Amino acid sequence: DAGVTQSPTHLIKTRGQQVTLRCSPKSGHDTVSWYQQALGQGPQFIFQYYEEEERQRGNFPDRFSGHQFPNYSSELNVNALLLGDSALYLCASSPGTRVYNEQFFGPGTRLTVL
Amino acid sequence: AQSVTQPDIHITVSEGASLELRCNYSYGATPYLFWYVQSPGQGLQLLLKYFSGDTLVQGIKGFEAEFKRSQSSFNLRKPSVHWSDAAEYFCAVVPASGGSYIPTFGRGTSLIVHP
């Protein structure tokens, strides 16, 4: 079992560009959540996808959007990049949306916005 | 809104010494509580969680945590630290009611282990 995988591992973009990050959940998991982790901070919840729909959303602007595919993999899209979007983006998967379902995290994608 | 405070940014201990990492939360009711560990270049791994019941929770890698309602705290402990425990530790809370189960993480405590 490969666990949660994310691609790419690193990415450099310039302000105003758009970026797409990808996540493949752990085998058997149908729920994917995305987090933003700025340097020296804890992760901040962006949103959660289940059954190809956004189920919960944190306090992030509409520039952040996502998608979940029928195979449960997911994408995070960020438009009109700002310098402040530079962070480690973590994907986590779980077998369902319940809080007691343990989330398994991927290693993250490091996004640098210049 | 809920909040989580990890008052220690860095903690340094000697290998074999005991460890306690502090976590305080602000929330109207008892939330669900979690501790995660993050090693360099890796994602977060769940150490333990508290939902209800026994206030002393056992986790993986020899860690335990104690929930104290009166102090709104959920401190993580380990009796004897190993060099491999050097990592970043995050406390997190999730509301136990209200329909929005969005987690809030603390800013983390970096554990440094001296040989």
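Computed from a predicted model, the values in this text were never measured in an experiment.

J.: Sorry if this is basic, but what is going on with the overall build of chain A here?
T.: A tally of regular secondary structure across chain A gives zero helices and 11 strands. Going from N to C terminus, chain A has its helices and strands arranged as β-β-β-β-β-β-β-β-β-β-β. Against the 2.2 N^0.38 benchmark of 13 Å for 114 residues, chain A shows a C-alpha radius of gyration of 13 Å, consistent with a compact globule. Principal axes of the C-alpha set define a box for chain A whose edges measure 35 × 25 × 25 Å. When burial is assessed residue by residue, chain A has 49% of its 114 residues classed as buried. Here chain A has roughly 5500 Å² of accessible surface; of this, 48% comes from carbon and sulfur atoms. Both charge centroids of chain A, one from 9 positive and one from 10 negative side chains, sit 9 Å from each other.

J.: What exactly am I supposed to notice about the pattern of salt bridges here?
T.: Pairs can form between side chains of opposite charge whenever their charged atoms are close. Here the structure, examined in full by the defined rule, presents eight salt bridges over all chains. Salt-bridge contacts for A:E54 lead to A:R57; the nearest nitrogen and oxygen are separated by 3.0 Å. You can call A:R57 partly exposed: its relative accessible area is 25%. Note that B:R77 is salt-bridged to B:E64, the shortest N-O span being 3.2 Å. Note that B:R77 is positioned in strand β9 (residues 73-78) and B:E64 in strand β8 (residues 64-68), a separation of 13 residues in sequence.

J.: Teacher, can you tell me more about the nonpolar core here?
T.: Among soluble globular proteins, nonpolar side chains are generally buried collectively. In this structure, B:W35, B:L48, B:F74, B:L76 and B:Y89 are the most contacted members of the largest nonpolar core, which totals 26 residues. For this core, the secondary structure elements donating two or more residues are β2 (10-14), β3 (19-21), β5 (32-38), β6 (44-50), β8, β9, β10 (87-94) and β12 (109-114) of chain B. The dominant element in this core, judged by the number of residues it contributes, is β10(B), at four residues. When sequence neighbours within four positions are dropped, the list of residues in contact with B:L76 reads B:L19, B:E20, B:L21, B:W35, B:L47, B:L48, B:F63, B:E64, B:A65 and B:Y89. Of all hydrophobic cores here, the second largest spans 20 residues; its members include A:V4, A:L11, A:I46 and A:F60.

J.: Which parts of the structure should I look at to understand the packing of aromatic side chains?
T.: Any two aromatic rings considered together are summarised by their centre-to-centre distance and by the angle between their planes. Scanning the entire structure with this criterion turns up 14 aromatic pairs over all chains. Here A:F60 and A:F64 contribute two aromatic rings whose centre-to-centre distance is 5.1 Å and whose plane-to-plane angle is 70°, an arrangement assigned as edge-to-face. Note on A:F60: relative accessible area 12%, which makes it buried. Among the residues examined, A:F64 registers a relative accessible area of 2% and is labelled buried. Each member of the aromatic cluster is reached from another via a ring pair, and the members are A:Y35, A:F45, A:F105, B:Y32, B:F34, B:Y36, B:F51 and B:F105.

J.: Just to check I follow, could you spell out the interface of chain A and chain B for this structure?
T.: Reports often express the size of an interface as the amount of accessible area lost when the parts come together. On the side of chain B, 21 residues touch chain A, which itself brings 19 residues to the contact. For the pair chain A and chain B, the interface holds two residue pairs in polar contact (both at pLDDT 80 or more). Those elements that place two or more of their residues in the side of chain A that touches chain B are β4 (31-37), β6 (53-57) and β9 (87-94) of chain A.

J.: Where do I start with the sheet that holds strand β8 (residues 74-78) of chain A in this structure?
T.: Strands belonging to one sheet form pairs held by backbone hydrogen bonds; the direction of such a pair is parallel or antiparallel. Residues and elements named next belong to chain A. Within the open sheet, the four strands sit side by side as β1-β3-β8-β7. Their pairing is antiparallel. In this open sheet, the two edge strands, each paired with only one partner strand, are β1 (5-7) and β7 (64-68). Averaged over neighbouring strand pairs, the angle between their axes works out to 20° when direction is ignored.

J.: How should the pairing of β6(A) be read in this particular structure?
T.: A regular strand places its side chains so that they alternate between the two faces of the sheet. All names here are of chain A. Of the strand pairs in this sheet, strand β5 (residues 44-50) and β6 are connected by four bridges, and their pairing is antiparallel. Within β6, the position partnered with Y49 by the bridge is E54. Connecting β5 to the next strand, β6, in antiparallel fashion are two residues, including E51 with a positive phi near 50°.

J.: Looking at this structure, I do not really get the environment of A:G108. What am I missing?
T.: Residue and element names in this part refer to chain A. Note on placement: G108 falls in the loop between β10 (104-105) and β11 (109-113). For G108, a relative accessible area of 7% translates into the label buried. If sequence neighbours within four positions are ignored, G108 has contacts with Q6, P8, T9, L88, Y89 and L90.

Scoring rules and cut-offs
Residues numbered from 1 in each chain as written. Chains lettered and ligands numbered in written order. Predicted model: local features only at pLDDT ≥ 70, side-chain atom pairs only at ≥ 80, totals over all residues. Heavy atoms only, no water. Helix = DSSP H or I, 4+ residues; strand = E, 2+ residues; numbered from the N terminus. Rg over C-alpha atoms; globule rule 2.2 N^0.38 Å. Buried < 20%, exposed > 50% of the residue type's maximum accessible area, 1.4 Å probe, protein only. Areas by Shrake-Rupley, 256 points an atom, 1.4 Å probe, with all protein chains shown as cover. Lys, Arg positive; Asp, Glu negative; His and termini not counted. Charge placed at Lys NZ, Arg CZ, Asp CG, Glu CD. Salt bridge = Lys/Arg side-chain N within 4 Å of Asp/Glu carboxyl O. Core = buried A, V, L, I, M, F, W, Y, C linked by side-chain atoms within 4.5 Å. Contact = heavy atoms within 4.5 Å. Phe/Tyr/Trp six-rings, centres within 6.5 Å; stacked < 30°, edge-to-face > 60°. Polar contact = N/O pair within 3.5 Å; in protein donor to acceptor, adjacent residues only side chain to side chain. Pairing = 2+ DSSP bridges. Axes fitted to C-alpha atoms, helices over the stretch in contact; angles between N-to-C directions.

Keep in mind these values describe shape, not function.
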